[in-house]
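Understanding the architecture of this molecule
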Amino acid sequence: MLSFPEAFSLRGEVALITGGGTGIGFAMAQAMHAAGARVVLVGRREAELTAAVAKLGERAHAFAHDVTDFAAADGLVARVASEVGPISCLVNNAGIHLKKPAVETTTEEFQKVLNTHILGAHALTRAVAPGMMARKHGTILFTGSMASIFGIPLVIAYTAAKTAMVGMAKAYSTEFAAHGMRVNCIAPGWIETEMSRKALDGDPARKAKIFGRTPMGGMGQPEDIGWAAVYLASPAAKFVTGVTLPVDGGASVGF
Ligand code: NDP
């Protein structure tokens, strides 16, 4: 049996986290870094990434990259391998929100959400997977949502993306298991970040509904998702694959 520190250690791992410069992604980077991993933060805004890396110190790296530039995924993975080391954990966390009535959601807007959450995640997964297969070692995580689990009005494209992640985690997990890889999804409840502030500010009715169905009350903190990511990426979860883990103060089972 592994010792307690060994079970939760990410020492020797290289974790690439998309959207790692802010909010939930940064908290996952902080927690994985604290568990010993070398972390690679990816996003479009250089200034956010530089500031985030400065907060983490050693074993933290930033690469500006747009996940919707699918053709650039292989190049990013190759650069990270040569400058930092081969990626052993990929966190598909980058996301954008779109709150508007379904009938007003244009095809272009819908496509942009899918490109960021789903096709961006697939492009990177496809780029890192061959290396993980060759080394027979790798974990992949997705950041899902409560929209992965139940119906929420005014977020049709976001819901299509977040429910797709649940299926992708299952499908990848079965295809990659024989190669020593695990794939899981975390479904955060409502967590205090820039994204949730923008989605909820000025909408007291939606806020009241959220708090009313969250048995633990209030909103979660980004670090609540960070520690769940450490668990799922660590040897402690070595027999866990294909699951979606809600981290939501009970919102997904609340009455
Ligand atoms: P943030 O807005 O802080 O994080 C979104 C991150 O995604 C940013 O760092 C952003 O960086 C990055 N990003 C967006 N588009 C791209 C792109 N095309 N290429 C690369 N990076 C991109 O909000 P959160 O931390 O809340 O969101 C993180 C994830 O958590 C998202 O997937 C979100 O859907 C999910 N989530 C959030 C919940 C919440 O309550 N906050 C609840 C459930 C899920 P940049 O703009 O610099 O590119």
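The preceding data block contains the structure.
What comes next concerns the included structure. (Residues numbered from 1 in each chain as written. Predicted model: local features only at pLDDT ≥ 70, side-chain atom pairs only at ≥ 80, totals over all residues. Heavy atoms only, no water.)

1. Describing the site of the ligand
The local shell around the ligand holds 29 residues, among which Thr-22, Arg-44, Asn-93, Tyr-158 and Thr-193 are the closest. Take Thr-22: an N or O atom from its side chain is 2.7 Å from an oxygen atom of the ligand. One nitrogen or oxygen atom from the main chain of Val-67 is found 2.9 Å from a nitrogen atom belonging to the ligand. The protein chains hide 93% of the 870 Å² of surface that the ligand would expose on its own. Mapped by element, the contributors of at least two residues to the shell around the ligand are helix H2 (23–34), helix H5 (107–135), helix H6 (156–176) and helix H7 (194–200). (Near = heavy atom within 4 Å. Polar contact = N/O pair within 3.5 Å; in protein donor to acceptor, adjacent residues only side chain to side chain. Areas by Shrake-Rupley, 256 points an atom, 1.4 Å probe, with all protein chains shown as cover. Helix = DSSP H or I, 4+ residues; strand = E, 2+ residues; numbered from the N terminus.)

2. As for the pattern of salt bridges
As enumerated under the stated definition, the model contains six salt bridges in all. The partner of Glu-48 in a salt bridge is Arg-45, with the nearest N and O atoms 3.4 Å apart. Here Arg-197 ties to Glu-194 by a salt bridge, and the two come within 3.6 Å at their closest N and O atoms. With Arg-197 and Glu-194 both in helix H7, this residue pair falls three residues apart, about one helical turn. The class for Glu-194 is partly exposed, based on a relative accessible area of 48%. (Salt bridge = Lys/Arg side-chain N within 4 Å of Asp/Glu carboxyl O. Buried < 20%, exposed > 50% of the residue type's maximum accessible area, 1.4 Å probe, protein only.)

3. So, the packing of aromatic side chains
Each pair of aromatic rings is reported with the distance of its centres and the angle of its planes. Summed over all chains, the structure comprises four aromatic pairs. Where Phe-4 meets Phe-8, the ring centres are 5.3 Å apart and the plane angle is 55°; that geometry is what we call tilted. An angle of 20° between the planes, with centres 5.4 Å apart, marks the rings of Tyr-172 and Phe-176 as stacked. One end of the pair, Tyr-172, and the other, Phe-176, are both in helix H6, four residues apart, so they sit about a helical turn from each other. In this structure Tyr-172 comes out as buried when scored by relative accessible area, which is 9%. Taken together, Phe-142, Tyr-172 and Phe-176 form an aromatic cluster joined through their ring pairs. (Phe/Tyr/Trp six-rings, centres within 6.5 Å; stacked < 30°, edge-to-face > 60°.)

4. What about the state of the cysteines?
Enumeration according to the criterion identifies zero disulfides in this entry. In this structure Cys-89 is a free cysteine whose sulfur lies 13 Å from that of Cys-185, the closest cysteine sulfur available. Judged by relative accessible area, Cys-89 falls into the buried class, the value being 3%. By relative accessible area, Cys-185 is classed as buried at 0%. (Disulfide = S-S within 2.5 Å.)

5. Notes on the sheet that holds strand S3 (residues 60–64)
The sheet built from seven strands is open, its strands ordered S3-S2-S1-S4-S5-S6-S7 with parallel pairing. Strand pairing shows two members of the sheet lacking a second neighbour, S3 and strand S7 (244–247), which therefore form its edges. Strand after strand, the sheet turns through a mean of 20° between neighbouring axes, direction not considered. Where strand S5 (residues 138–143) meets strand S6 (residues 181–188), six bridges bridge the pair, whose relative direction is parallel. Across the sheet, the residue bridging to Thr-143 is Ile-186, located in S6. The strands touched by H6 within the sheet are strand S4 (89–92), S5, S6 and S7, with S6 carrying the most contacts at an inclination of about 165°. Docked against the sheet, helix H9 (residues 222–233) engages S4, S5, S6 and S7, running at close to 160° with respect to S6. (Pairing = 2+ DSSP bridges. Axes fitted to C-alpha atoms, helices over the stretch in contact; angles between N-to-C directions. Contact = heavy atoms within 4.5 Å.)

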